[in-house]
Amino acid sequence: MLPSWETIDSEQAYDAIADVEELSDVEEPYRAAIDELLAKAETVEDDGGVEAYRHFVACLGIKDTVEDRTTTGSQRVVYRSAERVLNAVERTGDGDDLERARHALGAVSVTDDSTIRDGRVEVLGAAELGMRTFDHVFVLGLTASHFPGSANRLALVNAVTDAHPDFAEADQARRAEYRIASLVAAAESVTLSRPKQQLDGTEYIDAGILAEFRRITDTEPQRRDEFGHLVGQAPTGRRDKIGAREDAQRALATAGARAGPETLGEYATAASSTELFAEAAGSSDWLSTEAAPGEGVIDGIQTASDRGLARPSEHTGWLTPETAQSLSFQLDRLSPTQVERYASCPFRFYAKEVLGLEEEDRDEGPINRGHYVHDVLERFYTELRDEVGSPVSLTGFDQEDLETRLLRVAVDELQAVDDEFDDRWLFELLAGLGDADQNEYYNRTAVDGRPAGILVRFIEEELALYVDPDGRLQNGPLTAAPVWFETKLSFDVDGTTIRGVLDRGETTSDGRTIVRDYKTGFTSSERDTLDGLSFQLPIYAKMLEENIDEVTEAVGGGYYRLKEPGTVSSTAGQIGFVGDDPKNASWRGNSYRDGYGGTPMVYQSSDKPSIETRAGFREFLDDVVPQRLSNIVSGIEAGTFHPTINDPDDAGCSNCPFRDACDVRSYRRQLFMENMESEGRGAYVPPIALGVEWAPAVEEGEN
């Protein structure tokens with residue numbers, strides 16, 4: 001203790017200085033004692049070391065007082081917390097650490113909560129640590145992707161955050177590193193951990209603080225396998241590992257990949273006898289299963305193994321002949337929509353078409369709107385055909401006359417349907433159509449400064465292509481004209497009949513034909529069709545060729561996009577070819593007389609058919625499409641119903657009604673496709689899934 005304080009009572013000294021403003025006003029002997037205390041404090045500050053600070057605290061008698069049995073527990077907690085912080089600062093410093101110690105002590109948080117007991121376990125995030133201290137510390141998830149970091153901020157706030165240091169954004173990564181380092185320095189034992197690998201098998205990158213710990217401590221990590229044994233060392237016996245059932249499932253999946261049937265049977269028996277898993281028979285409207293004891297566990301192990309290794313089997317959607325027969329699914333006919341569903345995702349086809357599962361929360365609104373538009377346009381053109389003959393020529397009709405006819409049909413059909421459509425959609429559909437007195441939705445929607453809904457834009461598109469009243473097409477209007485509307489067609493593929501309803505077919509005087517498919521929703525692209533994901537256009541083209549005598553050949557097709565007023569187009573997702581002489585497809589731009597007509601179809605602006613020649617197009621229709629359809633039929637007949645191997649965006653996984661029941665693993669789809677090749681089983685792999693853009697072989701040879 002300081003000599004001057006040996007006879008001084010601290011409470012009396014406090015009373016002596018409580019009401020004075022200057023040290024010179026303090027009475028003796030308290031003034032001399034305070035002078036000595038300040039001088040000692042200045043010495044400590046000049047020294048700058050933690051050891052000098054400890055000596056100063058000892059001179060004040062704080063340690064002896066705190067350790068006295070009469071002192072409250074909370075005071076001892078405060079002192080020991082401060083001691084731990086000083087120890088951490090001293091171990092990580094260079095001797096001149098007083099300022100660091102002052103900063104660290106200023107952030108210490110202590111509590112005398114009587115409910116907190118020794119031996120407790122607390123789980124905290126990095127942001128919740130503060131300056132807490134613990135005897136034993138476990139820091140988990142030390143990867144670069146999981147470690148706290150500063151969020152990206154909008155550029156518009158930079159002016160504020162850079163204006164003054166008080167507004168500066170805190171560096172969350174550095175703050176987390178500091179808190180974890182303080183926690184580690186004050187602990188008796190520390191375990192640092194990170195996941196071994198991601199789901200796709202790639203290694204995680206260490207967080208910066210973990211790499212720094214390795215550098216300064218020269219510590220090598222200890223790795224354990226799925227069973228808790230240290231990698232590189234022989235197991236010393238059965239390890240009783242505490243964890244969730246998922247841990248056991250992952251371990252059993254690993255065993256399934258390495259062990260034989262007999263060993264799997266032993267694992268299953270052990271799991272059943274210890275009640276690790278509950279045996280339960282599965283059932284549904286289509287399937288009923290009676291499993292022997294342990295059989296369900298064996299199936300589960302093999303399922304986890306096959307799915308984890310991307311191995312085609314009955315556990316990954318490839319039905320056995322016995323299962324396929326028990327389902328009594330007869331593949332006698334398919335629709336173009338079903339073909340596309342299988343090409344997109346065989347499992348979705350299986351769930352809906354084979355098992356007959358219902359799509360929960362299905363929104364019927366878009367479907368009903370599509371049916372209504374199809375009915376309106378079919379009746380509109382059918383009435384024109386009855387009047388002017390077939391094919392339907394729009395020459396002789398002006399826009400006002402056509403709009404009046406279309407409005408009358410639309411109103412009649414609207415009154416006949418049972419569904420109530422959303423007013424907003426009706427505004428977009430009927431705005432500007434016909435006469436305002438006859439159309440209650442006439443002035444509700446404005447596009448480009450004037451009322452022009454979907455059906456008005458449809459009439460404008462039809463006249464521009466098939467009449468060309470303004471002379472925008474240098475060689476005149478299209479040579480094809482509408483003939484067939486909502487026509488039922490079919491053709492056979494390997495004993496399976498593919499049936500569909502063609503929205504609209506058009507033909508030239510010499511029998512060249514194009515197909516149109518109305519779309520009020522999503523529209524596929526040309527590449528979706530050429531690369532094996534969409535089939536409607538080529539299927540309908542083949543149907544026309546095989547069913548209509550007047551058709552000499554199909555030369556193209558396209559989707560008629562009718563989703564929004566501003567995007568109405570007859571050239572969406574078109575397939576066709578440029579041709580030689582005469583040209584089959586031509587281009588029309590956006591300015592006056594920059595488009596070419598005199599052909600069965602046109603392409604907008606800078607778009608151009610991917611197929612250059614008629615031979616290339618015939619290769620696609622006559623060879624490629626039939627082979628793809630044959631592979632799809634073979635896959636369905638063989639019971640090949642694995643989850644999609646396409647990119648999740650191409651397959652529409654986010655909107656799939658069966659996504660909760662699907663075990664799709666898109667990160668292993670390439671491996672699954674590689675494993676499919678060795679199985680020799682009927683299956684369909686779209687080129688788009690392989691990342692390949694299909695091109696005609698005859699044109700590649702010419703190049």
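Residues numbered from 1 in each chain as written. Predicted model: local features only at pLDDT ≥ 70, side-chain atom pairs only at ≥ 80, totals over all residues. Heavy atoms only, no water.

### Digging into unusual backbone geometry
Note the threshold: Secondary structure counts use DSSP, requiring at least four H or I residues in a row for a helix and at least two E residues in a row for a strand, with both numbered from the N terminus. For each residue, the accessible area found with a 1.4 Å probe, counting protein chains only, is set against the maximum for its type, and the residue is called buried under 20%, exposed over 50%, and partly exposed in between.
Of note in the backbone geometry, Asp-468 takes a positive phi value of approximately 55° without being a glycine. Considering the arrangement of structural elements, one finds Asp-468 in the loop between α19 (454-466) and β4 (481-493). Residue Asp-468 is classed as buried on the basis of its relative accessible area of 11%. One non-glycine residue, Asp-494, adopts positive backbone phi at about 50°. For Asp-494, the location among the structural elements is in the loop between β4 and β5 (496-507).

### Things to note about the environment of Leu-430
For the record, the criterion: Every residue pair with non-hydrogen atoms within 4.5 Å of one another is taken to be in contact.
Of note, Leu-430 is situated in helix α18 (residues 423-430). C-alpha separation for the pair Leu-430 and Tyr-442, spaced 12 residues apart in sequence, amounts to 6.5 Å. Excluding residues that lie within four positions of it along the chain, Leu-430 makes contacts with Ala-410, Asn-439, Tyr-441 and Leu-455.

### Comments concerning the pairing of β4
Convention followed: Here, any two strands with at least 2 DSSP bridges between them count as paired.
As judged from the 11 bridges shared by β4 and β5, these two strands associate in the antiparallel manner. Residue Lys-488 lies in a different strand from β5, and its bridge partner there is Val-501.

### Observations concerning the pattern of salt bridges
Condition: By convention in these notes, a salt bridge is any Lys or Arg side-chain nitrogen within 4 Å of a carboxyl oxygen on Asp or Glu.
Considering all chains together, one arrives at 25 salt bridges under this definition. Notably, a salt bridge pairs Arg-379 with Glu-383, separated by 3.0 Å at the nearest N-O pair. On the criterion of helical spacing, the pair formed by Arg-379 and Glu-383 is a turn pair, its members being four residues apart in helix α16 (residues 365-388). We classify Glu-383 as partly exposed; its relative accessible area is 26%. Glu-553 is paired through a salt bridge with Arg-618; the nearest N and O atoms lie 4.0 Å apart. Remark: Arg-618 occurs in helix α22 (residues 614-637) and Glu-553 occurs in strand β7 (residues 553-561); sequence separation between them is 65 residues. Arg-618 carries the same exposure label as Glu-553, and that label is buried.

### Details of a negative patch on the surface
Selection rule: The patches reported here contain residues having more than 30% relative accessible area and no salt bridge. Joining distances are 9 Å for like charges and 5 Å for nonpolar side chains (Val, Leu, Ile, Met, Phe, Trp, Tyr). Residue-level accessible areas treat just the shown protein chains as cover; the underlying method is Shrake-Rupley with a 1.4 Å probe. Positive: Lys, Arg. Negative: Asp, Glu. His and the chain ends are not part of the count. Charged side chains are reduced to one point each, which is NZ for Lys, CZ for Arg, CG for Asp and CD for Glu.
A cluster of like negative charges, contributed by Asp-9, Glu-11, Asp-15 and Asp-19, occupies part of the molecular surface. With respect to the helices and strands, Asp-9 occurs in the segment before α1 (10-17). Using a relative accessible area of 37% as the deciding quantity, one classes Asp-9 as partly exposed.

### Some remarks on the nonpolar core
Quick note on the threshold: Residues belong to one nonpolar core when they are buried, are Ala, Val, Leu, Ile, Met, Phe, Trp, Tyr or Cys, and are joined through side-chain atoms within 4.5 Å.
Counting 58 residues, the largest nonpolar core has Ile-498, Phe-620 and Leu-629 as its most contacted members. Residues within four places of Ile-498 in sequence aside, it is in contact with Leu-334, Ser-335, Pro-336, Val-339, Leu-489, Ser-490, Phe-491, Val-493, Ile-539, Met-543 and Leu-629. Counting residues in each nonpolar core, the second largest holds 35 residues, with Tyr-372, Leu-402, Leu-407 and Leu-562 among its members.

### A word on the packing of helix α21 (residues 536-547) against α22
To keep things clear, this is the line we draw: Axis lines are fitted to C-alpha atoms, over the contacting stretch for helices. Their N-to-C directions set the angle, which ranges from 0 to 180 degrees. In this scheme, roughly parallel covers angles under 35 degrees and roughly antiparallel covers those over 145, while 65 to 115 is roughly perpendicular and the rest are oblique. Each residue is assigned to one of three groups, with Ala, Val, Leu, Ile, Met, Phe, Trp, Tyr, Cys and Pro labelled nonpolar, Asp, Glu, Lys and Arg labelled charged, and all others, Gly among them, labelled polar.
Here α21 crosses α22 at 110°, and the two axes come no closer than 10 Å. Viewed along their axes, α21 and α22 adopt a mutual orientation that is roughly perpendicular. Two secondary-structure elements touch here, α21 through Pro-538, Ile-539, Ala-541, Lys-542 and Glu-545 and α22 through Arg-618, Phe-620, Leu-621, Asp-622, Val-625 and Leu-629. Considered class by class, the residues forming the contact of α21 with α22 number seven nonpolar, no polar and four charged.

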